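Structural overview
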Amino acid sequence: MTNLLQSRWWSWGFRSAVMLYFVVLIVLPILGIYGQSFSDGWPQLVHNLSDTLAWQAVLLTIKLAVIATLINVLIGTMAGWVLIRYRFPGRQLLNSMVDLPFALPTAVVGLMIMLLLGPRGAVGQWAEEAGISILFHEPAIVVAMVFVTFPFVIRAVQPLLEEMDASEEEAAYTMGASKAKTFFRVLLPAMLPGILSGAMLAFSRALAEFGAVVLVAGNIPGRTLVASVYIFGQIESDNPAGAAAVSVLLLTLSFLILWLVGYVQARRMGR
Amino acid sequence: MNPHNRQLVKIGLSTAAVWLLLMALIAGCGGQGAVAPAQGEAGENAAPGTAGSGRGSVTLVIGAYSVAKDALQEIMPMFSAEWKAKTGQDVKFQESYEASGTQARAIAGGFEADVAVLSMEGDLDKVERAGLIRDDWRAGPDGGMITRSIVVMGTRQGNPLGIRDIEDLAKPGVKVLYPNPQTSGGAQWDINAIYGAGLKIAEEQTGVKDEAAAKAFLASIHRNVESMDKSGRASMAAFEYGVGDVIVTYENELLARIAQGVKYDIVTPSRTILIENPAAVVDVNADKHGVRDAADAFVAYLHGEQAQRVFAEYGFRPVLADVAAQFADQFPQPRELFDIGYLGGWDALGSKLYADRGIWYQVLAGR
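Only a predicted model underlies this, so the values are computations on that prediction, with no experimental measurement involved.

1. A few points about the domain arrangement of chain A
All names here are of chain A. In terms of domain boundaries, chain A breaks down into domain 1 (1–37) and domain 2 (49–270). Relative to domain 2, the C-alpha centre of domain 1 lies at a distance of 31 Å. Listed as interface residues are 5 residues of domain 1 and, on the opposing side, 7 residues of domain 2. When grouped by side-chain class, the residues that make up the side of domain 1 that touches domain 2 number 3 nonpolar, 2 polar and no charged.

Structure below.
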């Protein structure tokens, strides 16, 4: 069997299957979107991109995604650290629950946030009394983004911590380094590539989030409308070119981020 | 087997593997895409045995907007009974309910509905422009419209914020809900009502239908909007969930909820718009399925007394004068009721209010 699979004909078959799969499923649709955005020519693309509402949606999305990513970098790094370095009952369960946001339909996430933070939920009522609006305003969008992108940083940091030798840390202490110094000079540099690549994946996922955000955001253009919902609105109002223009913007941004992730990881490998 | 033959077999096998993968892929796509047309197929299958025979059964595919669902589901069995008595045929219904604009796009895009029941003229126009409606549906009784309603405001029980008229929506601290007119064609009625009320107020004060004043009026209310949902139904659901103080929506939506025991107050604005909802046979599909007679009869039935009474019970204002008179006390008459013609018709609105960078856009962009 192994011999059979190693034969170059099989290798040819698999390779072309993968290439075809890649072309049909990924390359063609992406080219299609770029084509659609240029379908009415350059002036129309510029017109669609210079739309104030489109810009406001994209900027709002980037701003909130950055906040969500920063939160995840802090909490994710901590969580990854705790799950690897400490032994406590329930650790296994917690560790497997980290991936839950990937498995849950995002609409369920949106519903959960609505129930928790809405005017009938405990937190929502408390916030209402304190005069803070959460649901249908920016905080709810950030919560949705944080929840959906939660696993990225943790899962990127964990293997790095696992492969790190505890003796490095011990050596630092023995040589008289303070806890803070050990953290910043020994632990953080080891975790940094993971944190960075996890953060960038989380960021690009937060940019793209739709299902949860559409339920918990007010979706008011210029105020609480994020880019993905803006795209949806443009399609619903028969303006595919406008939708494609913003899509292309997001797509290009995602490409840049993925390229950066690849670059960071390549540097780590080459170290 | 000599080596040459074995090589050939391997090439064949590996290529087959590639193609199997691709086939699985394509089958996967096909499976998903087939959902909507499959609804139409049943009608097609049922058709040949029934066309002109006067026996057997006939299947009508109804593509309707979601708000009409409850009333339609009560009317359909009544029509089936009447049609059975008249022709001996059983009528089965296949129903699809979506936001009006989505439904119109689905039908124009290939969902083979025999009858379209939509929330506004413009959506039926989309189906017509796709070449699916050949007859002039406006020439039918009541101009092709089966129900009416008006845009009103709904408040929490007892109207705690003391909302009396549409101007009160601009007061500070009032949280307003209305759906997004870009995703929900039906929501355009709500925006039209506010914009039109702005025009009326300007006209009363200065004698001119001042568009700038109406735009400022719309903007002053838009500042208080808490959430813009995808459809009128979604907006109502959010209100039900406890979001916002006032919802701008159709009178029939609120009446239907109140009939179900939910405690809301309806505030009828002194100036508001008359909503009209059309229904029409989608000629191409009905002919293709061979269900023309039943489809025509169903649309005619929607205009008839029994159906109109059901619509009235579900909170719609009847188009039939007799039924309207019977239910007159259920529907308060606003001081100034204007129709879409006051705003220049749907085409004028499309090129002015909802146009690319039009008035609505400027309100959203805060200019």
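The structure having been displayed, the exposition proceeds.
2. Observations regarding the interface of chain B and chain A
Taken together, the 23 residues of chain B in the interface contact 24 residues of chain A. Mapped onto the side of chain B that touches chain A, the elements with two or more residues apiece are helix H1 (3–33), strand S6 (225–227) and helix H15 (359–365) of chain B. At 9 residues, the largest contribution of residues to the side of chain B that touches chain A is made by H1(B). Along the lines of polarity and charge, the residues of the side of chain B that touches chain A split into 12 nonpolar, 9 polar and 2 charged.

3. Regarding the UniProt feature "domain: ABC transmembrane type-1" (unreviewed entry) in chain A
As recorded in UniProt, the sites labelled "domain: ABC transmembrane type-1" (unreviewed entry) are residues 58–261 of chain A. For residues 58–261 of chain A, the end-to-end C-alpha separation is 21 Å, with 79% helix and 0% strand making up the annotated structure.

4. Things to note about the confidence of the model for chain B
Detailed reading of predicted coordinates is not advised where the pLDDT is low. All names here are of chain B. Across chain B, the average pLDDT comes to 85, with 85% of residues at 70 or higher. Overall, residues 31–54 carries pLDDT values under 50, and its contacts beyond four positions in sequence, including any with other chains, amount to 40 contacts. Prediction confidence for the complex, expressed as pTM and ipTM, is 0.78 and 0.75 respectively.

5. Quick look at the domain arrangement of chain B
Residue and element names in this part refer to chain B. We note that the domain assignment places domain 1 (36–133 + 282–303) and domain 2 (149–276 + 330–365) within chain B. Domain 1 and domain 2 are separated by 31 Å when their C-alpha centres are compared. Listed per partner, the contact involves 12 residues of domain 1 and 12 residues of domain 2. At the level of secondary structure, the elements contributing two or more residues to the side of domain 1 that touches domain 2 comprise helix H4 (100–108) and helix H5 (121–129). It is H5 that provides the largest number of residues to the side of domain 1 that touches domain 2, a total of 3 residues.

6. Comments concerning the nonpolar core
Residues Ala140(A), Ala144(A), Val216(A), Val115(B), Ala116(B) and Val282(B) are the most contacted members of the largest nonpolar core, which totals 161 residues. Considering each element in turn, this core owes the most residues, 15 residues, to helix H9 (residues 138–163) of chain A. Not counting chain neighbours up to four residues away, the residues in contact with Val282(B) comprise Ile107(B), Ala113(B), Asp114(B), Val115(B), Ala116(B), Val127(B), Leu132(B) and Ile133(B).

7. Points about helix H2 (residues 8–37) of chain A
With 30 residues, H2(A) extends 41 Å between its outermost C-alpha atoms, agreeing within 8% with the 44 Å of an ideal straight helix rising 1.5 Å per residue. Val23(A) marks where H2(A) bends most, by close to 40 degrees.

8. Topic: unusual backbone geometry
The phi angle at Asn219(A) is positive, at roughly 60 degrees, despite the residue not being glycine. Here Asn219(A) lies in the loop between helix H12 (211–216) and helix H13 (227–236). In this structure Asn219(A) comes out as buried when scored by C-beta crowding, with 27 C-beta atoms within 10 Å. In this structure, Asn159(B) takes a positive phi of about 50 degrees despite not being glycine. Within the secondary structure layout, Asn159(B) lies in the loop between strand S4 (145–156) and strand S5 (176–177).

9. With respect to the pairing of S4(B)
Residues and elements named next belong to chain B. Within S4, 10 of the 12 residues are buried, leaving the element largely enclosed by the surrounding structure. In this structure, S4 lies alongside strand S10 (residues 317–318), joined through 2 bridges in antiparallel fashion. Its bridge partner being in S10, Thr147 is matched across the sheet by Pro318. Across 5 bridges, the pairing between S4 and strand S7 (residues 246–250) is antiparallel. Residue pairing in the sheet places Val152 in a bridge with Thr249 of S7. When S4 meets strand S8 (residues 264–267), the two strands line up antiparallel, connected through 4 bridges. Paired with Met153 across the bridge in S8 is Val267.

The rules behind these values
- Residue indices begin from 1 for each chain and proceed along its sequence in written order.
- Lettering for chains starts from A, numbering for ligands starts from 1, and both go in the order in which the items are written.
- Totals for whole chains, interfaces and linings use all residues, but because this is a predicted model, local features are given only for residues with pLDDT of at least 70 and pairs of side-chain atoms are given and counted only at 80 or more.
- What marks off one domain from the next here is an automatic or database domain assignment.
- We call two residues in contact when the distance between their C-beta atoms, placed using the backbone, is within 7 Å.
- Classification convention: Asp, Glu, Lys, Arg as charged; Ala, Val, Leu, Ile, Met, Phe, Trp, Tyr, Cys, Pro as nonpolar; all other residues, Gly among them, as polar.
- A run of DSSP states H or I qualifies as a helix once it reaches four residues; a run of E qualifies as a strand once it reaches two. Both are numbered from the N-terminal end.
- UniProt positions are given in the numbering used here, feature names are shortened, and annotations may be inferred rather than shown by experiment.
- A residue's pLDDT is simply how confident the predictor is in it, with values from 0 to 100.
- Put simply, a nonpolar core is a cluster of buried Ala, Val, Leu, Ile, Met, Phe, Trp, Tyr and Cys residues tied together by C-beta atoms within 7 Å.
- The burial label depends on the number of other C-beta atoms within 10 Å of a residue's C-beta. Counts of 20 or more mean buried, 12 or fewer mean exposed, and intermediate counts mean partly exposed, with C-beta atoms placed from the backbone.
- What a helix is expected to span follows from its residue count: subtract one and scale by 1.5 Å.
- Bend at a given residue is defined as the angle between two axes, one fitted to the seven residues that end at that position and one fitted to the seven that begin there.
- Each pair of strands is called paired provided DSSP finds at least two bridges between the two strands.

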